[in-house]
Amino acid sequence: METKAATPKLGFEEEAAAEEEEEIEGWDEWQSDEDNSIAEFLCLFCSFRFDSTETLFNHCSSDHAFDFHVIVRDLGLDFYGSFKLINYVRSQVAEKKCWSCGLTFECSKDLQNHLHAAVGYEKGGKFLWEDDQYLKPFMADDPLLHSFAADEDDEDYNVLVDKEELMRELVSNEDFAELCNDSQEILRDSSSELDIVQNIGNKQGHAENMACHFDKMKTNGILMEENFGPFHQRRKDRQLRFSIANVTTAREIMDVNENYFGAYGSFGIHREMLSDKVRMDAYRGALLKNPCLMNQANVLDVGCGTGILSLFAAQAGASRVIAVEASVKMASVATQIVKDNGLLLEGTEKGDEKQCSGKIKVVQCMIEELDQHIQVSPHSIDVLVSEWMGYCLLYESMLSSVLYARDHWLKPGGAILPDTATIFGAGFGRGGTSIPFWENVYGFNMSCISKEVVEDASRVPIVDIVDGQDIITESAVLQSFDLASMKPDDMDFTASFELKLRSDLQGDSTTSTLGIWCYGIVLWFETGFTSRFCKEMPSVLSTSPYSPGTHWSQTILTFCEPIVMQSDKSIPDSAASVGTEGCPAVRIRSRISIVRSSAHRSIDISMETTGISSDGRKCSWPVQIFNL
């Protein structure tokens, strides 16, 4: 029988030393195994693998238009924000969706061909990857989630730490204490940057002082890594994370708002709008020719300008009109105009009795701040009226303010004027470009310029008048809005549609033989004052190329290459490319996305174009991105 030798009993200190030695040996073995292994990082968008995060992200930037480091830096994402971004992108790609615009594709190859620089990072005021579900790794054992921040430790992530530490520095600044207290309350009540701006708008000087303070700290070399506590400690100050990135965004929003409302202080703009007969006839008719709607109504005019719509409302029999205007100059002008016409609401308190003259009260503020300036009972407004439309309908993003007013003050079943809006699109021909102009300039041929002009136009939307005779396809509806029920997020949408040659052009002998060139898609809108509210006299305000011109004109999106179109009866050359004279397209399939831009009051437009020949062959062109 074999017996084991007795194990000598160790003292406490000897036992501890032995355990420590075993731990060190185990650590060395683990490190050795790690050093000998090669990490394989899977691309976020394709099946390529890389041996470092640096090469992976360089590949994503160059091949898939996704610059991870720039996004993290520009948005001020912390570790968890970056972590969620990676999981969000992987989840979208797995569903064959574009991570930025949300379009869905039939196969991964189509998705990869579509990928483009981001047209926006937010929806409803939150990052697309804001949901905490993206804290859970989408891909099991994803080594990228453990390594993506390693290359940033000495560089970009220091900047994020600096921004958070800066807020603690500012809390001790007596001049900024009030702003910080207010911002904490704002952040608890709403995540909207716009709300933050509205609450601190009168303290812009403090924001500027903060930026200067930050610059001084950088100049003096104060911002150093060793000055900051561990990451989990910094996260305890989450309520104070009103970072430089947010302040910069807030300041940019304030600047844009000031420029926007300041521009409406120009009388030239108001003369142009008041001279727009289509515009004025539609609003005047809706207000003056619907007495059942306006008689003794409480009316709210959002963005009153000169006050013309408020004057119409008072003339139509409204009992009280609140005219809200954010431009300081125009609010003053509107007040004087209303007073000069004997309609200014003025009064003195005498016990329980209020003696008033006039009907219109002009309030200078943004509509979101109305409660700070005048007491208006919730849901007490009978008629909400606003001329909020911008180029391509949604430029200027004033619609969100109208919806805010609707949700806060309009009575259930109350009228909103206009109450519908629709965006249309159609293909335009050579006459919708500047090519004919350059071909004959006082008898001289300057057509060499036109090629460069058309190329430039394929990158920038053009707001101009397009004659109805230059429209070569049937019209298509991109999106319709019901202003009585829509939500702010509905302003971001994607529309897929097909365009065919106009029926009157299909029988044309020249078109049948040579085809006709389509140079792009023109967009316009119509707003309706429908019988839902305007029962006696409904009407439509149209900016169509087939209607009299308006100051909105149309919005022109030019193709990167013109497409030849012909009728369905054309016989294509099987060797020719679709969309050329040898193989004209009989249909143009397009997908257009319009979203609110990260740049305040702007919109981003993406356009995908595919030509389809009579034998079913297709040709797709690269996605085009426009900013308006």
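The notes below deal with the structure included here.

Reading the values: the criteria
Residues numbered from 1 in each chain as written. Predicted model: local features only at pLDDT ≥ 70, side-chain atom pairs only at ≥ 80, totals over all residues. Heavy atoms only, no water. Pairing = 2+ DSSP bridges. Helix = DSSP H or I, 4+ residues; strand = E, 2+ residues; numbered from the N terminus. Axes fitted to C-alpha atoms, helices over the stretch in contact; angles between N-to-C directions. Buried < 20%, exposed > 50% of the residue type's maximum accessible area, 1.4 Å probe, protein only. Right-handed = clockwise from strand over helix to strand, strands pointing away. Contact = heavy atoms within 4.5 Å. Core = buried A, V, L, I, M, F, W, Y, C linked by side-chain atoms within 4.5 Å.

## Focus on the sheet that holds strand 21 (residues 618–627)
Spatially, 15-19-20-21 is the arrangement adopted by the 4 strands of the open sheet, whose pairing is antiparallel. Two strands in the sheet have a free side with no partner beyond their single neighbour: strand 15 (493–499) and strand 21. With strand direction ignored, the average angle separating the axes of adjacent strands in the sheet is 15 degrees. Two elements, strand 19 (residues 587–596) and strand 20 (residues 603–612), share 10 bridges in a ladder whose sense is antiparallel. Within strand 20, the position partnered with Arg589 by the bridge is Thr610.

## Some words on the pairing of strand 5 (residues 298–302)
Summarising burial for strand 5: 4 of the 5 residues are buried, a large majority. Of the strand pairs in this sheet, strand 5 and strand 6 (residues 320–325) are connected by 5 bridges, and their pairing is parallel. Looking across to strand 6, one finds that Val302 is bridged to Val324. You can see the chain leave strand 5, run along helix 16 (residues 308–315) and come back into strand 6, and the turn it takes is right-handed. The pairing of strand 5 with strand 10 (residues 381–385) spans 3 bridges and is parallel. Bridge pairing in strand 10 places Val299 opposite Val383.

## Details of the sheet that holds strand 9 (residues 360–364)
Taken together, the 5 strands give an open sheet; going across it, the order is 9-6-5-10-11, and neighbouring strands pair in parallel fashion. Each edge of the open sheet carries a strand with a single partner, namely strand 9 and strand 11 (410–417). Here the average twist between neighbouring strands, direction ignored, is 20 degrees. Where helix 16 meets the sheet, it contacts strand 5, strand 6, strand 9 and strand 10, and its direction lies at approximately 175 degrees from that of strand 6. Against the sheet, helix 17 (residues 328–340) makes contact with strand 6 and strand 9, and its axis sits at roughly 165 degrees relative to strand 9, the strand it touches most.

## Thoughts on the side chain of Thr609
By secondary structure assignment, the location of Thr609 is in strand 20. On the accessibility criterion, Thr609 (5% relative accessible area) is buried. Discounting residues that sit within four places of it in the chain, Thr609 has contacts with Phe559, Ile563, Ile588, Arg589, Cys619, Ser620 and Trp621.

## Examining the nonpolar core
Counting residues in hydrophobic clusters, the biggest one holds 97 residues, and the most contacted among them are Leu300, Leu370, Leu394, Ile592 and Ile594. Contacts of Leu300, omitting those with residues within four sequence positions, involve Ile322, Val324, Ile367, Leu370, Ile381, Val383, Leu384, Val385, Ala405 and Trp409. Of all hydrophobic cores here, the second largest spans 35 residues; its members include Cys43, Phe68, Leu75 and Val595.

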